[in-house]
Amino acid sequence: MQQPPQQERSPTEFLSNVIGRPVVVKLNSGVDYRGILSCLDGYMNIALEQTEEWVNGQLKNKYGDAFIRGNNVLYISADKTRKREPLNIQ
Amino acid sequence: MASATNSTNQLLPLELIDKCIGSKIWVIMKSEKEFTGTLLGFDDYVNMVLEDVTEYENTPEGRKTTHLDQILLNGNNITMLIPGGEEYLLQATPLTSQQITKLSSFLTKQIKRSLRLSLNTMIFYYLICFYTL
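Residues numbered from 1 in each chain as written. Chains lettered and ligands numbered in written order. Predicted model: local features only at pLDDT ≥ 70, side-chain atom pairs only at ≥ 80, totals over all residues. Heavy atoms only, no water.

With an unreviewed UniProt entry as reference, chain B is termed LSM complex subunit LSM5, source organism Dentiscutata erythropus. Its UniProt record gives chain B a comment under Subcellular location (unreviewed entry), which states: "Nucleus". (UniProt positions renumbered as here; feature names shortened; annotations may be inferred.)

Chain A carries the name 8011_t:CDS:1 in an unreviewed UniProt entry, which gives Dentiscutata erythropus as its organism. According to UniProt, the comment filed for chain A under the heading Sequence similarities (unreviewed entry) is "Belongs to the snRNP Sm proteins family. SmF/LSm6 subfamily."

Undergrad: Go over the overall build of chain A with me, naming the residues and quoting the values.
TA: Within chain A, the secondary structure is distributed over one helix and five strands. A burial count over chain A gives 38% of its 90 residues as buried. Here the analysis covers contacts within chain A between residues at least 6 apart in sequence; of these, 40% occur between residues at least 24 apart. Accessible area for chain A stands at about 6,000 Å²; split by element, carbon and sulfur atoms hold 50% of it. (Helix = DSSP H or I, 4+ residues; strand = E, 2+ residues; numbered from the N terminus. Buried < 20%, exposed > 50% of the residue type's maximum accessible area, 1.4 Å probe, protein only. Contact = heavy atoms within 4.5 Å. Areas by Shrake-Rupley, 256 points an atom, 1.4 Å probe, with all protein chains shown as cover.)

Undergrad: Run through the interface of chain B and chain A, naming residues and quoting values.
TA: Across the contact, 22 residues belong to chain B and 21 residues belong to chain A. Surface buried jointly by chain B and chain A totals about 2,000 Å² across both partners, of which 53% is contributed by carbon and sulfur atoms. On inspection of chain B and its partner chain A, the count reaches one salt bridge. Along the contact surface separating chain B from chain A lie nine residue pairs in polar contact (both at pLDDT 80 or more). Residue assignment for the side of chain B that touches chain A shows that the elements contributing at least two residues are β2 (33–42), β3 (48–59) and β4 (62–73) of chain B. If one sorts the elements of the side of chain B that touches chain A by residue count, β4(B) sits on top with six residues. Its residues assigned to classes, the side of chain B that touches chain A comprises 10 nonpolar, five polar and seven charged. (Buried area = accessible area lost by both parts, 1.4 Å probe. Salt bridge = Lys/Arg side-chain N within 4 Å of Asp/Glu carboxyl O. Polar contact = N/O pair within 3.5 Å; in protein donor to acceptor, adjacent residues only side chain to side chain. Nonpolar A, V, L, I, M, F, W, Y, C, P; charged D, E, K, R; others polar.)

Undergrad: Let's hear about the pairing of β2(B): which residues, and what values?
TA: Residue and element names in this part refer to chain B. In terms of burial, β2 is a largely internal element, 10 of the 10 residues being buried. Bridge analysis of strand β1 (residues 24–29) against β2 gives five bridges, and the strand direction is antiparallel. Each residue of the ladder has a partner; that of Ile 25, found in β2, is Gly 37. Between the antiparallel neighbours β1 and β2 lie three residues. Here β2 runs beside β3; their pairing, made up of eight bridges, is antiparallel. Directly across from Phe 35, in β3, lies its bridge partner Glu 55. Hairpin remark: β2 followed by β3, antiparallel, with five residues in the connecting loop; positive phi at Val 46, about 60°. (Pairing = 2+ DSSP bridges.)

Undergrad: Tell me what's going on with the environment of Cys39(A), and back it up with residues and numbers.
TA: Residues and elements named next belong to chain A. Relative to the assigned elements, Cys 39 resides in strand β2 (residues 32–40). What makes Cys 39 partly exposed here is its relative accessible area of 42%. Separated by 20 residues in the primary sequence, Cys 39 and Ile 19 have C-alpha atoms spaced 6.0 Å apart. Excluding anything up to four places from it in sequence, Cys 39 contacts Asn 45, Ile 46 and Ala 47.

Right, dumping it as structure tokens:
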């Protein structure tokens, strides 16, 4: 009770915060998927846009949209910057 | 006892982790992987939100490190959580070449000194023997 209010963020809060942001999703196999996170659920099932597949630090493939089944996900990583306005691309 | 939650002097495992929120923590995975970072939160599955994370991957070629701003780590593959972060890891890191040179020069000095001492005593005893004879 005496503790100062900390910047506690639960996993569900994190999930709602990262939607629409560029993320890196690492799978248990070691493969990285970089893209814009369009939506996800509590199972960590993920839909990515503008996805890039990185294997051993090398870009292997690009997908417009990708669905990743949650059981394969090791972590979802996002930049610290708070929600940014989407880039103006004509 | 089942009434452990009510006892004041006993701390449940997840209460310990709850106390770590806001401070550094070290996460060891099932595979040859480790993470350290500031714990922001976790849930019942021990999925964890970490900030300023360093990912360590132990491979036969050596340890690979990656820095990550903020991650949601899947709890499924976590084996151990250690409050305090990477200060424990630092103890386990091998010596730098500079430290090794310092240590080896110190040891050679010590060995030379002890050799010189034993040589001196040998000469001393030899002389004593020589004179008594």
